[in-house]
Amino acid sequence: MTIDKSWTQIRKRSNSVVFWQGLQSFLQMAKPHVNDRGFIRCPCNRCINNAQHQLEVLETHIHRFGFMSDYNEWIYHGENVNAASSSNVPQPNSGVHDRDEMFEVLEDIISNDAEVDQFGSQSSNVQYDDLFTALNSELYPGVSSFSSLNFLVKLMHLKVMNKWTNKSFDELLKLLKLAFPKMDLVELHYEAKRLMTKMGLGYQSIHVCKNDCALFWNENSMSETCPVCSESRWKMQEGRRTGKNVPHKVLRYFPLAPRLKRLFATSKTAKLMRWHQAGKSTDDNVMRHPVDGRAWKDFDRKHPEFADDVRNVRLGLAADGFNPFNNMSISYSMWPVVLTTYNLPPWLCMKPEYLMLSLLIPGPQSPGKDMDVFLRPLIEELKELWENGIDTRDAGNDRKVFKMRAALLWTVNDFPARSSLSGWSGQGYKACPTCNEDTPSTRVIGKTAYFGHRRFLPSTHRWRSNLDFDGRTERKRPPRRFSSVDIMDQLRRVKTSIPGKHPNYGGVKRKCGDDELNWRKKSIFYELPYWAEIELKHNLDVMHIEKNICDSLLGTLMGDPHKSKDTDNARRDLQHLGIRSELHLYEDGNKLMKPAAEYTFSEANRRKFCRFVRSVKFPDGFAGNLSKNVAHNDSRIVGLKSHDCHVIMQRLLPVGCRSLVNKTISSTIIELCTFFNQLCARTVNVTDMVKAQDQLVIILCKLERIFPPAFFDIMIHLVLHLPEEAILGGPVYMRWMYPFERYLKRLKDYVRNAAKPEGSISEGYVVDEALTFCSRYFDDIETRFNRPDRNDDGIHRTSRLFVFESQCKPMGKQSQVYVEKNVRDRAEFYILNNSPEIETYLKVHAPEVTHELLSLASKSNIFVSSYPACIVNGVRFVTHAHDVRLKTQNSGVSVPGTENEIFYGQLQQILEFSYLNDFSVVLFKCKWFRCDSRRMVTENNITSINITSESYKDDQFILASQAQQVFYVEDPSRGPNWRVVQHVNHRSIWDITEDGMSDIDLLQDNSSSNFTLFVDLGNLPQINLQRNDGDVIPIVQPFTTVSQHVNKTASFLNDDDEDDVSEEDDETVEESADEETDEGNDDVDTEEDDDDRSYHTSDSD
C-alpha cells in the first residue's frame, strides 16, 4: 500500500487541512512503534530523527518546524520496518552528527525546561532555534566530527577551565577564522556568550532602594519612589534624572526552581539526588551525612508527607561578604547567597559544581540588619516550593513527571553574618544564641568576657566552691533549654523596626526593651511554614571558631602584642577580682611591671616553638608551607589563614607546647585540640559527642583557672555548643564555611569589568553554569567531572591474582638495579605469601594453570626497576633519600599487623619486580622502627617513636598497595631522636560505595572514635601561674599607680547584677548599615583554601 507523503512538502502549514490530515495519519502509524517510555524519534527539521519525544511533542514540532525533506522511508515510524538495515536509507546520527553529545544535552535541557501540562506533555520553546541551527551546521565543509555548536561549547569550556581572558579568546577566534576561512564559527566572545546563555538559566535584575529600604519588585515593580523613604528609584544628576533611567542598586536573583529541575534533567545527577535515602548509616550511633543527624530525622517525623518522596530537596544556605577587587584599599562589600543540596552524597554536595548562586546582593555597603529585604524573592520561592511544589521530569525514572518540593534545613555563616540572618545580636551580655538570656558573661575592662562555665558543672562539684577561679563561689544553675515555643514567645515581644539606612527612617537609633533581650528583629525565615519547628536553624561556623581560638591561644602563648589576650588590662582584671596575686601588676620605682605568666613562652621557648613549626614538612597537598609564616628571626608566627590554624590546632600545637609550658597547662590545651580532632572527623560517633559535651565543661573551667577573664571572648564560649550541633546536624565538614569561602574565590574570578562587578559575576556565572551542565556529557576532553586528580594512579590492571592488580603509577627516572639473591628470595617469598589465591593450589594441584599462576611460579627478572616516587591508591609516596631535598614529606609509611598493632617506618626504595607475560609487582622496601614500649610511647593521643632503633631488617618489604601514609614531626619534649607520628586523612579518598550500601568507615583516622578525649582533673586549683624564670615585663605607658587604676575602673567590673549593664551596651542598638557586619569588607583569600579573617572581639563588643 502506497503512503501519501505529499503533505510533508506543504510550506503553509498553519491553515492547511491536507497537512493536518496527513500529520494525523502519520502519528497514527507511528503510535504502535513508541518505546516503553512512550518516546519515538522526531522527524522535524530541527530534531531530524536524533532526538526522541512523545507523540504530542512530535505533533507540535512537525507542525512548527516542518517535516525533514530527506526522510523518504519512514523506517522508524512503521513503514517497511524490515528495511531498516538498507544502506541507502539515511540513518540518524550520521555525518556531521556522529557522536555529537550536544544532541543529548539539548534534549535533556528542552525536555526539562519546557512547560509541563497536567497530561505530562510539553510545549515547544523558540529560544533554542539558534542552538539547533548551530547544531545542524558543519563546523567546516567535509568535517563530520564536530558540529559548529559542539566545537564552540568545548572551546568556551577550555576558556573557563584555563581562565583565558576575553581578549585572548577574541584573538583566538580571529586566528581560527584567518586560518580556516570557511569555518562556521562566531567571531567574538560576546556572540559566543550570548549563545551559551540560551542554555543557561538566566537571572532577574531587581532594583533596590538606595537606602536598602525595599525592593522595586512585585507590588512595587512600577513605583518610581521608595515606599518607605520616598527616595527616587533612579540616579539623579543635579536634581534631575540622567538621560537614561539608571537604578541606584540592582539585586541579581537567580531563580531556584529551574536550577533544581536541572538536577533531575539528566540521569547523571538524577540518581544521585536519591543518595541520602540509600546511603544513610544503618547504625544510629554513626553519622557521616546530615541525613544521620537528629535534626533531619526530626524534620521527617514532623513532615511525613514531605519525607515520603526521597526526591524532595533539602537545602542549606550560606551568605558572606567579600571584596571583589584585588585592591584591598577599596572598601566594597558584596554579599552572595549560595545554596547547597544535601540530597547528594557527601563527596559531591560541597563541590563548587553543585553549589547554586541564589542572590547577589550589591555593594558597596554590606546589607547588615536589612538582609531580610534582599532575601524576599528567595523566601517567596521557597514558600511556593514547599506549599505547591513544581512539576519536574525525573531522568532517573523514565522521565516521568513528579511534584518536586524543597525545604531549607539550616544556614551556614560566620558569627557576624549569623546575627544578620537570625536576628539575634552576637554582641553584648547575651551574645550566645544558644544560652540566650542565660549567657555567662561579665564586664571586664574595655570588653565583655564570657566566662563562668562552672555553672554548667553538677551542683555538688567541688570546683563550684573554689575561690581561685574568679574569687566567688558559683551557685547559678546551668542555662535553660529554650524550646521553639519559648523562642516564638520571645519574638512576639520584639518590636517591628523600619528597614533601611535612611537617617530619618530605618537608620534612626532606637532603644531595645528589656523584654526584647538580644533580638533585633524577627527573621524573614520565620515566614517559612516549617522554620519555627526546626531544631538547628543557624549553624555555628566551626571554621571561624577554630581560627579565632587558635589565634587567641597562639597569640597568648607567643606573647604576640597584636593578638595576645594577656594584656595589661587583663592583669588589672585579676587584681580587681582578687585572684592570682602572683600575676598582678606592681610598681618598681616609677615603672609598672608585669610578671611573666606560666601560660606564655619565655624568649627561648618562643624561638624553640618557631623553629619547631619551621621544621615541619607535610605530605603533598596536605597543608601549606608553614615555614613561610615564621618570622626570619624565629620570634613570631604571622599571616596564618584559616586552614593553617586548623592544621596547627589539630596537629602542631599539641606536640609543640608539651615541653614549653607547665604540664597542667599543656594537657588542657591538648584536650581542647583533641576535641577539635573528634569534631572535624568525617564520621562522627554520637556517643563521642555526648561525652565531649560533659568534658568540654571541665576543659573550659580549667582554661578559666589558667587564663585571665579577658581571654574568654564569645568564640571560646561557643565551643561548648558544638557537640550538640554535631548531634543535630551530622559531620561538621558539610556545615562549615570552607567550601563556601572557596566558592567566593571562584565568583571573584568572574570580575572582568571593575566598574560593574555584580554584572560581571552574574553574566560569568550563567555562562559557567551552562558549560558545567554541558561538560557532564563530554568524554573526549578534560572537564571538571573527568579530570584526573593530582595524584591519580592511572588505569588498574585486572588480574586473577591480587599481587598482579597493579595500583601503582611509578614516577621519576627509572633505573635498573641488581638485587642480591638473598634479598630477591625474600621479596619473592613475600609476594607468594601475600597471594591468597594460590593457597588452594598449594594444598591440591588445581586442574587449570593460568598465565598469571605460571608467571608467579617463575622467578622474577634478576634486574629490578627502581623509582624515586610513585602514586598508590591516590597517595603520593617518595623515597626518603629523595624526600629530604623537598619541601614536602611523603616517605612515611605504616602498615597494620595481624594483631591490631601498627608498624611505622620510612620508605627506602620503590622496586618493581618483573615476571613473565609482562606481569609485575611493586614492592616498598622500608626501614621499620622498633615499636616496643620503650621506643614507642602514646600519651594524650600523641604517639612518639624513636627513629634510631630499627627492627625487621630481614623483613623489609610490603606491597605498594598495603602502605598507608603517615608523616613525622619533631618531638621537642623527648629529644632529637624522637618523632611524633601523624596519620594522614586524604580528603579525595572515600571508602563508601556510590550506591551508599556499604557501611564501612572512612579511610584512616576519619572517625571521631579514633581520638580518645580524656580530661584529667588533676590538681588544677593549686597551680602557680607565675613563671619561675624571673622574667618581668616593664609596661611602657604614662605612669598610673595600680591602686589609682583599680579605683578608676572598679565600677566597670561590678557585675553582681546584670542590671548594671550600661545603656550603650545593652539598651541601645544603632541600626546602621555596618551593624554586626564587620566582616563585610574583608576580602576572599587569593589562595584557594581559606580566608584570613578573625573577629575583633579583643578590643570591644
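Structure: see above.
Quick summary incoming for the structure in this document. It should be emphasised that the depicted structure is a prediction, and the values quoted were computed from it without experimental measurement. In this numbering scheme, every chain counts its residues from 1 along its sequence in written order. Reporting of local features is limited, given that this is a predicted model, to residues whose pLDDT is at least 70; pairs of side-chain atoms are given and counted only at 80 or more, and all residues count toward the totals for whole chains, interfaces and linings. Calculation of side-chain values draws on the structure's entire complement of heavy atoms; hydrogens and water are dropped beforehand.

## Section: the sheet that holds strand E26 (residues 875-878)
Piece 1. Taking strand neighbours across the sheet as the criterion, the three strands line up as E22-E25-E26 in an open arrangement whose pairing is antiparallel. Edge positions in the open sheet fall to strand E22 (808-811) and E26, since each of these has one partner strand only. Looking at each pair of strands side by side, their axes are set apart by 25° on average, direction ignored.
Piece 2. Two strands pair when backbone bridges link them, and E22 and strand E25 (residues 869-872) are joined in this way by four bridges, in the antiparallel orientation. Across the sheet, proline 810 pairs through a bridge with cysteine 870, a residue of E25. By this definition, two strands are paired if DSSP reports at least two bridges between them. Helix and strand assignments follow DSSP, with helices taken as H or I runs no shorter than four residues and strands as E runs no shorter than two, numbered in order from the N terminus. Angles shown run from 0 to 180 degrees and are taken between the N-to-C directions of axes, each axis being a line fitted to C-alpha atoms and, for helices, limited to the stretch in contact.

## Concerning the pairing of E26
Note on strand geometry: in a regular strand, side chains alternate between the two faces of the sheet.
Piece 1. Per-residue accessibility, obtained with a 1.4 Å probe over protein chains only, is compared with the maximum for each type, and a residue is labelled buried under 20%, exposed over 50%, and partly exposed between these values. Side chains of E26 alternate between two faces, with Val875 and Phe877 and Arg876 and Val878 buried alike.
Piece 2. Linking two consecutive strands that pair antiparallel, namely E25 and E26, is a turn of two residues; a positive phi of about 50° is found at asparagine 873 within it.

## Comments concerning the environment of valine 105
Piece 1. Tracing the backbone through its elements, the reader meets valine 105 in helix H3 (residues 102-113).
Piece 2. Valine 105 gets classed as buried once you look at its relative accessible area, which sits at 0%.
Piece 3. Once the C-alpha coordinates of valine 105 and phenylalanine 773 are considered, the two residues, 668 residues apart in sequence, prove to be 8.1 Å apart.
Piece 4. Should any heavy atoms of two residues lie within 4.5 Å, those residues are considered in contact. Non-local contacts of valine 105, meaning those with residues more than four positions away in its chain, are made with Phe773, Cys774 and Tyr777.

## Quick notes on the pairing of strand E13 (residues 400-404)
Piece 1. Here five bridges tie strand E12 (residues 390-394) to E13, and the two strands are oriented antiparallel to one another. For aspartate 391, the partnering residue across the bridge sits in E13 and is lysine 403.
Piece 2. Between E12 and the antiparallel strand that follows it, E13, lie five residues; aspartate 398 among them carries a positive phi value of about 55°.

## Regarding the packing of helix H5 (residues 148-162) against helix H6 (residues 166-179)
A pair of packed helices is captured by two measures, namely the crossing angle of their axes and the spacing between those axes.
Piece 1. With their axes 11 Å apart at the nearest point, H5 and H6 run at an angle of 145° to one another. Of the two possible hands of crossing, H5 and H6 adopt the one that is right-handed. Across the interface between the two elements, Phe151, Leu155, Met156 and Lys159 of H5 pack against Asn166, Phe169, Leu172, Leu173 and Leu176 of H6. Each crossing is labelled by how the near helix is turned from the far one, with a counterclockwise turn of less than a right angle marking it left-handed and a clockwise turn marking it right-handed.

## With respect to the pattern of salt bridges
Piece 1. Note on definitions: salt bridges are taken to be side-chain nitrogens of Lys or Arg within 4 Å of carboxyl oxygens of Asp or Glu. For the structure on display, the rule yields 55 salt bridges.
Piece 2. Between arginine 824 and glutamate 828 there is a salt bridge; the shortest N-O distance is 3.4 Å. Here glutamate 828 and arginine 824 lie together in helix H26 (residues 821-833), a separation of four residues that amounts to about one turn.
Piece 3. When its relative accessible area of 11% is taken as the criterion, arginine 824 is described as buried.
Piece 4. Residue classification places glutamate 828 among the buried positions, given a relative accessible area of 7%.
Piece 5. Aspartate 825 serves as the salt-bridge partner of lysine 859, at 3.6 Å between the closest nitrogen and oxygen. Of the two residues, lysine 859 sits in the loop between helix H28 (851-857) and strand E24 (863-867) while aspartate 825 sits in helix H26, which places them 34 residues apart along the sequence.
Piece 6. We classify lysine 859 as exposed; its relative accessible area is 58%.

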